[in-house]
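Notes for the structure review
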Amino acid sequence: MCGIVGYIGEKQAAPILLDGLARLEYRGYDSAGVAVYHDGKIEMVKASGRLSVVADMTDNGKSLKGTVGIGHTRWATHGSPTDVNAHPHFNEKESIVVVHNGIIENFQRLKSILMGYGYAFLSDTDTEVIAHLLDFYYKGNPLDAISKAMQRMEGSYALGIIFKEFPDNLFAVRKDSPLIVGKTSDGSILASDVPAILNYTRDVYYIENEEIVRMSASSMEFFNIDEKELIKEPVHINWDADAAEKGGYEFFMLKEINEQPKAVSDTFSPRIKNDIVDIEDLNLSDEEIRNINKLHVVACGSAWHTGMTAKYIYEGLAGIPVEVDLASEFRYRDPILPEGTLLIIISQSGETADSLAALRLAKKKGIKVLAIVNVVGSSIAREADIVFYTMAGPEIAVATTKAYSCQLIAHYLLAMKFAHVRGKISDVELKEMISAMRELPGKINTLIGEKERIQRFANRYLAAKDVFFMGRGIDYAISLEGSLKLKEISYIHSDAYAAGELKHGTISLIEDGSLVIAILTQKDLYAKTVSNIVEVKSRKAFVMVVTNESNKEAESVADYMVYIPETNKYFANSLAIIPLQLLAYYISLGKGLDVDKPRNLAKSVTVE
Ligand code: AGP
């Protein structure tokens, strides 16, 4: 996820671009850049680090003359956050310049085709391919070049483009990445999101998929991919600037919960090709996969919970023994890591001190480390042997939601790949799993759509003192995450139990009205967990059950039912966690707490 802006008009462009980018920094902040046309030349300033670096380099934009320009704030996806990889990107002649938000999934193929025509690449980004592709198709008509390039690019993109030979125009185009444009009193402006343009206009045009915009200081024209002109109506925006940054949501956490269908899809889509799981770029050969004797999964907090889930999947699907460790425990013992162990470190931030220390310990012992990381170029990403990036984009709320969901997807894909290579699942079974995975974003969306019902339930428990979560197998792992979500943002004590363990102590805490949340997504364990529900019911607990649509066994013992759509049994966590995230969110909201910044917590725990 990145932020783009563009301006063409009567005023100096660069200060307007920097102002807009500052309001989009929540979309990415590892590098930034601007390009401005002036006096027959496109001038570009870009650098790694926060936007302030570019602001300092340009005296807040004042040193860049010119009234047409584009800008970018980056959240690295392809290529680490370096000066060279920062946007904008030029074609070789520096006559076409591009900023991009999104991912070009077929960029490797396009890159090798273009290299075959003699194009040289400076960066590791997918975006540079776009600049060269436009150059390849440009024969004097920018619209033609854009339309032709769009027909070749797969994936998602919102682009701002300047052609040196057409300095009175600024071009924009979109597919599956957000883009808005608007007319200001003195020109035209484009951006990824509303906050960037609220200071200049409140009437915006939402650009739809595969639409092209040609802007000038005084006009705005819209075209479809076949260059046919379109008529569009502006929409008036009433939000204040702060609400706009959160996309109109009161808190980032709810925004991020809502972003999960897209984040999940962005994580698996580039890795599924012709009905196989493609991890070619990870440099993990089939032979190496066949030689894995043990997986050792290490992480902290929610990331550790995805590891707990993954244990059942790697073992059940791929037949590989798995040990799951808390990084803070792993680093202070002498873990036995036999030959053939693959260590998997999971981290959203890539900077968690304990996880980083665990990685270093494993490497010291000569063990190969695969990291599942969200932040490109982070310490864990840099030091791991293999990096599987999740595509959650920047996560601002301390309580993780979308990064957690993307980590689950990463585990599913690895487990499917391992199982297939090791002959544990057939082509047909793999294909079925892939199609179940493709249905996850839609199903997550359906569950998010039921948020009002969860909010009504949450409002009944604002004064709760203790909440108990329970489940078996994967449902136990889901319980761990549901419980952490609740306690970290609502300050209600809660714990998660493997349902079979209740009678070994915890059940003494159950009293009249205690809220117990039971997770039942694993068919073969329904009956066992139902008998645990009966045990807590007979101590007068109030039981909420989260289960599959087809399970009617729990209805007679539960007080409150939440159904999730059917899916492959290994993917159940991706659905069951949604109502639990919403429950935690609405309890915290109902208590009037700062949902995004809970007390005593930090987003990235870089100290012990
Ligand atoms: C979860 O909501 C927490 N914010 C926390 O448990 C988090 O998952 C943990 O600190 C690990 O962080 P990481 O993924 O950045 O390594």
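All residue numbers refer to position in the chain's written sequence, counted from 1. Only residues with pLDDT of at least 70 are given local features in this predicted model, and only at 80 or more are side-chain atom pairs given and counted; all residues enter the totals for whole chains, interfaces and linings. Working from all heavy atoms in the structure, the side-chain values ignore hydrogens and water.

**Quick notes on the overall build of the chain**
- Counting from the N terminus, the helices are the DSSP runs of H or I reaching at least four residues and the strands are the DSSP runs of E reaching at least two. Scanning the chain from terminus to terminus reveals 19 helices and 27 strands.
- Across its three principal axes, the chain shows a C-alpha extent of roughly 80 × 55 × 45 Å.
- Partly exposed residues are those whose accessible area sits between 20% and 50% of the maximum for their type, while under 20% is buried and over 50% is exposed, using a 1.4 Å probe and protein chains only. Evaluated residue by residue, the chain yields a buried proportion of 60% over its 608 residues.
- Here, residues are in contact when the closest pair of their heavy atoms is within 4.5 Å. In the chain, once contacts between residues fewer than 6 apart in sequence are set aside, the share between residues at least 24 apart is 72%.

**What about the site of the ligand?**
- Of all residues adjacent to the ligand, which total 15 residues, the nearest are Ser347, Gln348, Ser349, Thr352 and Glu488.
- Ser349 is positioned such that a nitrogen or oxygen atom in its side chain is 2.7 Å from an oxygen atom of the ligand.
- A 3.5 Å cut-off defines polar contacts: any pair of N or O atoms within that distance qualifies, except that in protein one atom must be a possible hydrogen donor and the other a possible acceptor, and neighbouring residues in sequence count only when both atoms are side-chain atoms. In this structure, Glu488 approaches the ligand through a side-chain N or O atom, which is 2.5 Å from an oxygen atom.
- Every accessible area reported is derived by Shrake-Rupley at a probe size of 1.4 Å, with residue values counting cover from the shown protein chains alone. Within the complex, 90% of the 410 Å² of free accessible area of the ligand lies under protein.
- Within the residue set of the shell around the ligand, elements represented by two or more residues are helix H10 (301-318) and helix H17 (474-490).
- Gly is put with the polar residues, along with every residue not named as nonpolar or charged; the nonpolar set is Ala, Val, Leu, Ile, Met, Phe, Trp, Tyr, Cys and Pro, and the charged set is Asp, Glu, Lys and Arg. Residue composition of the shell around the ligand, grouped by class: six nonpolar, seven polar and two charged.
- The two domains that each donate at least three residues to the shell around the ligand are domain 2 (244-449) and domain 3 (450-595). Nearness is defined per residue: one heavy atom within 4 Å of the molecule or strand is enough. Start and end positions for the domains come from either an automated domain assignment or a database one.

**Some details on the packing of aromatic side chains**
- Aromatic rings from Phe, Tyr and Trp, taking only the six-membered ring of Trp, are treated as a pair when their centres fall within 6.5 Å; an angle between ring planes under 30 degrees marks them as stacked, one over 60 as edge-to-face, and anything in between as tilted. What the rule picks out here adds up to 15 aromatic pairs.
- Whether a charge sits over a ring comes down to the Lys NZ or Arg CZ being within 6 Å of the ring centre and within 35 degrees of the ring normal. Here the basic side chain of Arg599 rests over the ring of Tyr491, its NZ or CZ set 3.8 Å away from the ring centre.

**Considering the nonpolar core**
- Nonpolar core, defined: a set of buried Ala, Val, Leu, Ile, Met, Phe, Trp, Tyr and Cys residues in which side-chain atoms within 4.5 Å join the residues together. Grouped together as the largest cluster of nonpolar side chains are 126 residues, with contacts concentrated most on Met416, Phe418 and Ile517.
- In terms of residue count, the dominant contributor to this core is helix H14 (residues 402-421) (twelve residues).
- In contact with Phe418, other than residues within four places in its own chain, are Leu284, Ile289, Ile292, Leu295, Tyr314, Ala318, Ile320 and Leu342.
- Judged by nonpolar contacts, the second largest core, of 30 residues, contains Ile96, Phe121, Val129 and Ile146.

**Focus on the packing of H14 against helix H15 (residues 427-448)**
- Axes here refer to lines fitted to C-alpha atoms; in helices the fit is confined to the stretch in contact. Angles between the N-to-C directions go from 0 to 180 degrees. For the pair H14 and H15, the least separation of the axes is 10 Å and the interaxial angle reads 170°. Comparing the axis directions of H14 and H15 gives the class roughly antiparallel. Facing H14, whose interface residues are Ile409, Tyr412, Leu413, Met416 and His420, H15 presents Asp427, Leu430, Met433, Ile434, Met437 and Leu440.
- Its residues assigned to classes, the contact of H14 with H15 shows nine nonpolar, one polar and one charged. For classification, angles of less than 35 degrees are called roughly parallel, those exceeding 145 degrees roughly antiparallel, those between 65 and 115 degrees roughly perpendicular, and all remaining angles oblique.

**Here's the deal with the domain arrangement of the chain**
- Under the domain assignment used here, the chain contains domain 1 (3-237), domain 2 (244-449) and domain 3 (450-595).
- Summarising the inter-unit geometry, the C-alpha centres of domain 1 and domain 2 are found 32 Å apart.
- Opposite the 18 residues of domain 1 that make contact, domain 2 presents 15 residues.
- Note: buried area is the sum, over both parts, of the accessible area (probe 1.4 Å) each one loses when the two are combined. Where domain 1 abuts domain 2, roughly 1300 Å² becomes buried across the two surfaces, and 70% of that area is made up of carbon and sulfur atoms.
- Together, Tyr26, Trp75 and Glu105 form the three largest contributors to the area buried by domain 1 at its contact with domain 2, with a combined 45%.
- For this document, the term salt bridge refers to a Lys or Arg side-chain nitrogen within 4 Å of an Asp or Glu carboxyl oxygen. Inspection of the domain 1/domain 2 interface yields zero salt bridges.
- The interface formed by domain 1 and domain 2 contains zero residue pairs in polar contact (both at pLDDT 80 or more).
- Counted by class, the side of domain 1 that touches domain 2 contains nine nonpolar, four polar and five charged residues.

**Observations regarding the sheet that holds strand S23 (residues 466-471)**
- Pairing between two strands is assigned when DSSP locates at least 2 bridges connecting them. A sheet is described by the order of its strands in space; here five strands give the open sequence S24-S23-S25-S26-S27, paired in parallel fashion. Each edge of the sheet is formed by a strand with only one pairing partner; in this case those strands are strand S24 (493-498) and strand S27 (560-564). Each neighbouring strand pair of the sheet contributes to a mean axis angle of 20°, computed without reference to strand direction.
- Of the pairings in the sheet, the one linking S23 to strand S25 (residues 515-520) comprises four bridges and is parallel in character. Across the sheet, the residue bridging to Val467 is Leu515, located in S25.
- Here helix H18 (residues 526-537) sits on the sheet in contact with S23, S25 and strand S26 (542-548), set at roughly 170° to S25.

**Side note on helix H19 (residues 572-590)**
- By this rule the span expected of a helix is its residue count minus one, scaled by 1.5 Å. Taking 1.5 Å per residue, 19 residues should reach 27 Å; H19 reaches 28 Å between its end C-alpha atoms and fits that length.
- Within H19, the axis deviates most sharply at Ile578, by approximately 25°, and proline Pro579 lies no more than four positions further along.
- Counting buried positions along H19 gives 17 out of 19 residues, so the element sits mostly inside the fold.
- Residue Gly592 follows H19 closely and has a positive phi angle near 75°. Bend at a given residue is defined as the angle between two axes, one fitted to the seven residues that end at that position and one fitted to the seven that begin there.

**Considering the side chain of Lys232**
- For Lys232, the position within the fold is in the loop between strand S14 (229-230) and strand S15 (235-236).
- A polar atom in the side chain of Lys232 sits 3.0 Å from the backbone oxygen of Tyr206.
- Here the side chain of Lys232 touches Glu211 through a polar contact of 2.6 Å, side chain to side chain.
- When residues no more than four places from it in sequence are discounted, the contact partners of Lys232 are Tyr205, Tyr206, Ile207, Glu208, Glu211 and Phe222.

**Describing the environment of Ala518**
- Mapped onto the secondary structure, Ala518 falls in strand S25.
- Spatially, the C-alpha atoms of Ala518 and Ser285 are 40 Å apart, while their sequence positions differ by 233 residues.
- Setting aside anything within four residues of it in sequence, one finds Ala518 in contact with Met470, Ile533, Val543, Met544, Val545 and Val546.

**Focus: the pattern of salt bridges**
- As enumerated under the stated definition, the model contains 31 salt bridges in all.
- Across the salt bridge formed by Lys402 and Glu259, the nearest N and O atoms sit 2.8 Å from each other. With a gap of 143 residues between them, Lys402 in helix H14 and Glu259 in the loop between helix H7 (252-258) and helix H8 (260-268) connect regions that are remote in the sequence. The two residues Lys402 and Glu259 agree in class, both being buried.
- In this structure, Glu566 engages Lys523 in a salt bridge whose closest nitrogen and oxygen atoms are separated by 3.4 Å.

**Brief notes about the state of the cysteines**
- The term disulfide is used for any two cysteine sulfur atoms that are within 2.5 Å. Per the stated rule, a full pass over the model turns up zero disulfides.
- In this model Cys2 remains outside any disulfide bridge; the closest cysteine sulfur is found in Cys406, 15 Å from its own.
- With relative accessibility at 6%, the residue Cys2 sits in the buried group.
- Not engaged in a disulfide, the cysteine Cys300 finds its nearest cysteine sulfur in Cys406; these two sulfurs lie 19 Å apart.
- Overall, the relative accessible area of 23% leaves Cys300 in the partly exposed class.

**Topic: the sheet that holds strand S2 (residues 31-38)**
- Here we have eight strands laid out as an open sheet, ordered S3-S2-S4-S1-S10-S9-S11-S15, and antiparallel in their pairing. What marks the edges here is a single partner per strand, and that holds for strand S3 (41-48) and S15.

**Some remarks on the packing of H15 against H19**
- Here H15 crosses H19 at 25°, and the two axes come no closer than 9 Å. Classified by the angle their axes make, H15 and H19 are roughly parallel. Our pair here, H15 against H19, has a crossing hand that is right-handed. Along the contact surface, H15 presents Leu440, Lys443, Ile444, Leu447 and Ile448, while H19 presents Ser574, Leu575, Ile578 and Leu582.
- For the contact of H15 with H19, the residue count by class is seven nonpolar, one polar and one charged. Less than a right angle of anticlockwise turn of the near helix away from the far helix marks a crossing as left-handed, whereas a clockwise turn marks it as right-handed.

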